[in-house]
Amino acid sequence: MSWLTEYVRPKIRGLLKREVPDNLWTNCDSCEQMILTKDLRKALNVCPHCGHHMRATVPERLEWTFDNGEYTRIELPKVPVDPLSFRDRKRYTDRLKDERAKSHLEESMAVAHGQIGGHNAVVAVMAFEFIAGTMGAALGEAFLAAARLAILQQSPLIVFTASGGARMQEGMISLMQMPRTTVAVQMLKEAGLPYFVVLTNPTTGGVSASFAMLGDVQIAEPNALIGFAGQRVIEDTVREKLPEGFQRAEYLLEHGMLDMVVKRGDLREVLGRLTAQLNYRHIAPRAA
């Protein structure tokens, strides 16, 4: 009897009380199927049941894009904090502080350089996890820094977009980043360097109205939401029902707004091939 009470019973209780980690399973945003988190990571955050491409963080994007996941992040220029002394539910300075602590990022864009398919490249990634990837002065400076680095290295610039649009806490300063980023794209064109854009879900507002739609090659992930205003706003304005799938990547591809829709697992190969084809003049010849 002592064996049952002293050994078996505690083991059973231990099994019943064992806690399952909160991050063991993830639910798909689209089909709501449960997926083992480790399996989802192996699949690059693509649902194995329905193929839905879930959002990705900045470190994930950089790791998936560069050869062997190896890259070098650059330090970005500093900008004045809270130039308008803005406050809504909380002070803008407090919001930035909270977002930096939560996301472990300084702002809504990160820039790195490395190799893709064996060729040098500069990559800028928008961080939707930082205030919904909104565009402020810091993002404008980051984009300009990425363009200047690409010109310095004679490398293509690749930008992954994911944004809710302009950042209201910076008002007109945020809107001025539209022409500033457009000037940066023009700098790349004058230098004869390729500029590739990968539009991910979602890409909206002022970002889609500026640098996100100026690529030499426009790529999108499957079913990505891409547009300026929301579908309901457009329908209320034009007083018409919009077509099925309006503002989705496949619809835009069919109507000539995109060059290709590429699954996440194929992106590195496609970007490497484009880099080799369109940046051939700037590739150093191999030693004999």
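Bear in mind the structure is a predicted one, so any value in this text is a computation, not a measurement. (Residues numbered from 1 in each chain as written. Predicted model: local features only at pLDDT ≥ 70, side-chain atom pairs only at ≥ 80, totals over all residues. Heavy atoms only, no water.)

The number of helices and strands found in the protein chain is 11 helices and nine strands. Counting only residues that meet the buried cut, the protein chain has 42% of its 288 residues in that class. Excluding contacts between residues fewer than 6 apart, the proportion of contacts in the protein chain whose partners are at least 24 apart in sequence is 66%. By element, 53% of the accessible surface of the protein chain is carried by carbon and sulfur atoms, the whole surface being about 16100 Å². (Helix = DSSP H or I, 4+ residues; strand = E, 2+ residues; numbered from the N terminus. Buried < 20%, exposed > 50% of the residue type's maximum accessible area, 1.4 Å probe, protein only. Contact = heavy atoms within 4.5 Å. Areas by Shrake-Rupley, 256 points an atom, 1.4 Å probe, with all protein chains shown as cover.)

UniProt records the feature "binding site: Zn(2+)" (unreviewed entry) at Cys28, Cys31, Cys47 and Cys50, using the numbering of this structure. Judged by maximum C-alpha separation, these annotated positions cover 23 residues in sequence but sit close together in space, the widest gap being only 8.7 Å. Leave out the neighbours within four places in its chain, and Cys47 touches Cys28, Cys31, Ile35, Leu40, His52 and Met54. Position of Cys50 relative to the elements: it lies in the loop between helix 2 (37-42) and helix 3 (58-65). Here Cys50 falls in the partly exposed class, since its relative accessible area comes to 38%. With residues up to four places along the chain from it excluded, the contact list for Cys50 reads Cys28, Ser30 and Cys31. (UniProt positions renumbered as here; feature names shortened; annotations may be inferred.)

What follows covers the side chain of Arg167. For Arg167, the position within the fold is in the loop between strand 6 (157-163) and helix 6 (171-175). Once you skip the residues sitting within four places of it in the chain, Arg167 turns out to touch Tyr92, Leu96, Glu107, Ser108, Phe130, Ile131, Thr134, Met135, Gly136 and Ser174.

Another aspect to go through is the UniProt feature "zinc finger region: C4-type" (unreviewed entry) in the protein chain. When the UniProt feature table is mapped onto this chain numbering, "zinc finger region: C4-type" (unreviewed entry) sits at residues 28-50. Regarding residues 28-50, the helix share stands at 26% and the strand share at 13%, and the terminal C-alpha atoms are separated by 9 Å.

With that settled, consider the sheet that holds strand 5 (residues 119-126). With mixed pairing, seven strands are arranged side by side in an open sheet as 3-4-5-6-7-8-9. Two strands lie at the open edges of the sheet, namely strand 3 (71-73) and strand 9 (260-261), each paired on one side alone. Looking at chain direction, strand 5 and strand 6 are connected through four bridges and run parallel. Bridging from a neighbouring strand, Ala124 pairs with Val159 of strand 6. Together, strand 4 (109-116), strand 5, strand 6 and strand 7 (195-203) form the strand contacts of helix 5 (residues 137-153), whose direction differs from that of strand 4 by roughly 20°. (Pairing = 2+ DSSP bridges. Axes fitted to C-alpha atoms, helices over the stretch in contact; angles between N-to-C directions.)

Turning to the pairing of strand 6, a few remarks are in order. Regular strands place side chains that alternate from one sheet face to the opposite one. Across the seven residues of strand 6, seven count as buried, placing the element largely inside the fold. In strand 6, alternate side chains face the same way, and those of Leu157, Val159, Thr161 and Ser163 on one face and Ile158, Phe160 and Ala162 on the other are all buried. Tracing the backbone out of strand 5, into helix 5 and back to the parallel element strand 6 gives a crossover that is right-handed. Inspection of the sheet shows strand 6 paired to strand 7 by six bridges, in the parallel sense. Bridging across to strand 7, Leu157 finds its partner in Tyr195. (Right-handed = clockwise from strand over helix to strand, strands pointing away.)

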